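# A structural walkthrough
Residue-level listing of the chains:
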Amino acid sequence: GAVVSQHPSWVICKSGTSVKIECRSLDFQATTMFWYRQFPKQSLMLMATSNEGSKATYEQGVEKDKFLINHASLTLSTLTVTSAHPEDSSFYICSAIGTDYGYTFGSGTRLTVV
Amino acid sequence: RKEVEQDPGPFNVPEGATVAFNCTYSNSASQSFFWYRQDCRKEPKLLMSVYSSGNEDGRFTAQLNRASQYISLLIRDSKLSDSATYLCVAANQAGTALIFGKGTTLSVSS
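Small disclaimer: the values here were computed from a predicted structure and weren't measured.

All names here are of chain A. If you walk across this open sheet you meet the four strands as S1-S3-S8-S7, and the pairing is antiparallel. Every interior strand has two partners, whereas the edge strands, strand S1 (4-7) and strand S7 (67-73), have only one. The mean inter-strand angle of the sheet, taken between neighbouring strand axes irrespective of direction, is 15°. Direction of pairing for S1 relative to strand S3 (residues 19-25): antiparallel, over a ladder of four bridges. Of the residues in S3, the one forming a bridge with Val4 is Ser25.

This part is about the pairing of strand S3 (residues 19-25) of chain B. Residue and element names in this part refer to chain B. Side chains of S3 alternate between two faces, with Val19, Phe21, Cys23 and Tyr25 buried and Ala20, Asn22 and Thr24 left unburied. Two strands pair when backbone bridges link them, and strand S1 (residues 4-6) and S3 are joined in this way by three bridges, in the antiparallel orientation. Across the sheet, residue Val4 finds its bridge partner in S3, namely Tyr25. For S3 and strand S8 (residues 70-75), the ladder comprises six bridges, and the chain directions are antiparallel. When the sheet's bridge partners are listed, Val19 is paired in S8 with Ile75.

So, on to the sheet that holds S1(B). Remark on secondary structure: sheet strands pair via backbone hydrogen bonds, oriented parallel or antiparallel. Residue and element names in this part refer to chain B. Spatially, five strands are ordered S1-S3-S8-S7-S6 in an open sheet, and the strand pairing comes out antiparallel. Edge strands, defined here as strands with exactly one partner in the open sheet, are S1 and strand S6 (55-57). Going from strand to strand, the sheet's axes swing by 20° on average, the running direction of each strand aside.

Moving on, we come to the packing of aromatic side chains. Residues and elements named next belong to chain A. Tallied over the entire structure, the rule returns 13 aromatic pairs over all chains. With a centroid separation of 6.4 Å and 40° between ring planes, the pair formed by Phe67 and Tyr92 is classed as tilted. Separated by 25 residues along the polypeptide, Phe67 in strand S7 and Tyr92 in strand S9 (residues 90-98) bring together distant segments of the chain. By the burial criterion, Phe67 is buried, and Tyr92 matches it.

Counting residues at the interface gives 15 residues for chain A, matched by 13 residues for chain B. Both faces considered, chain A and chain B share a buried interface measuring about 1200 Å² in area, 60% of it formed by carbon and sulfur atoms. Joining chain A to chain B, the criterion identifies zero salt bridges. Across the contact surface, chain A and chain B share one residue pair in polar contact (both at pLDDT 80 or more).

What follows is about the pairing of S9(A). Residue and element names in this part refer to chain A. The element S9 is extensively covered by neighbouring structure, given that nine of its nine residues are classed as buried. Side chains of S9 alternate between two faces, with Ser90, Tyr92, Cys94, Ala96 and Gly98 and Phe91, Ile93, Ser95 and Ile97 buried alike. When strand S4 (residues 30-38) meets S9, the two strands line up antiparallel, connected through eight bridges. What sits directly across from Gln38, in S9, is Phe91. The pairing of S9 with strand S11 (residues 109-113) spans three bridges and is antiparallel. Residue Ser90 lies in a different strand from S11, and its bridge partner there is Leu111.

It is worth spelling out the state of the cysteines at this point. Within this structure, the stated rule accounts for two disulfides over all chains. The disulfide that involves A:Cys23 links it to A:Cys94, with 2.0 Å between the sulfurs. Handedness of the A:Cys23-A:Cys94 disulfide follows from its S-S torsion of about 80°: it is right-handed. You can see A:Cys23 sitting in strand S3 and its partner A:Cys94 sitting in strand S9, a full 71 residues away along the chain. In this structure, A:Cys23 and A:Cys94 share a single accessibility class: buried. A disulfide bridge connects B:Cys23 with B:Cys88, and the sulfur atoms are separated by 1.9 Å. Taking the torsion about the S-S bond as the criterion, the B:Cys23 to B:Cys88 disulfide, at about -80°, is left-handed. With a gap of 65 residues between them, B:Cys23 in strand S3 and B:Cys88 in strand S9 (residues 84-91) connect regions that are remote in the sequence. With a relative accessible area of 1%, B:Cys23 lands in the buried category.

Analysis parameters
Residues numbered from 1 in each chain as written. Chains lettered and ligands numbered in written order. Predicted model: local features only at pLDDT ≥ 70, side-chain atom pairs only at ≥ 80, totals over all residues. Heavy atoms only, no water. Pairing = 2+ DSSP bridges. Helix = DSSP H or I, 4+ residues; strand = E, 2+ residues; numbered from the N terminus. Axes fitted to C-alpha atoms, helices over the stretch in contact; angles between N-to-C directions. Buried < 20%, exposed > 50% of the residue type's maximum accessible area, 1.4 Å probe, protein only. Phe/Tyr/Trp six-rings, centres within 6.5 Å; stacked < 30°, edge-to-face > 60°. Contact = heavy atoms within 4.5 Å. Buried area = accessible area lost by both parts, 1.4 Å probe. Salt bridge = Lys/Arg side-chain N within 4 Å of Asp/Glu carboxyl O. Polar contact = N/O pair within 3.5 Å; in protein donor to acceptor, adjacent residues only side chain to side chain. Disulfide = S-S within 2.5 Å.

In structure tokens form, the structure reads like this:
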């Protein structure tokens, strides 16, 4: 079956630093990748949709200059949280879809900003 | 009004119990529906798709009522391992734009 690998699984960083999260489709080419954020006891909220080689489409209220998304290949998308602050602490999850593969989630990244 | 609303939970049931979760969606244009299971601090995993005719997978039965914009999940003979949060999801026809409910937490005890 389709596998999406996400790294790191958890990260603690200091306020003001940047954190990069990687999302890779291991055995299929992902035509589209999605980035979600989930706060405790809340639903997954879509942050942005990215297609390989083009700019990401951000959801309303998500700062594109703060959450940089790069989708340079059909198997890799990265999310960089720039100048992270404690309120950015959350569970970030990527997902990917491919031509023959439905929605597959990565294992998520728990970000804690101190 | 939230796009996908679920029972608030939590549901605390003994092993062997039957439990039902309800969900309503507000976007009548939604075409695809799913139930996902999410364990604590883990990513959601697809439990089952939901079809208008209703579908069953072992102890799990899902129902969809398009007229009422209502989705349900029934779990029979609950197991300890069923303890998790169950997310109701509505999507567009291609299944590329997913809207998640907040989830309902189930705790099965011995």
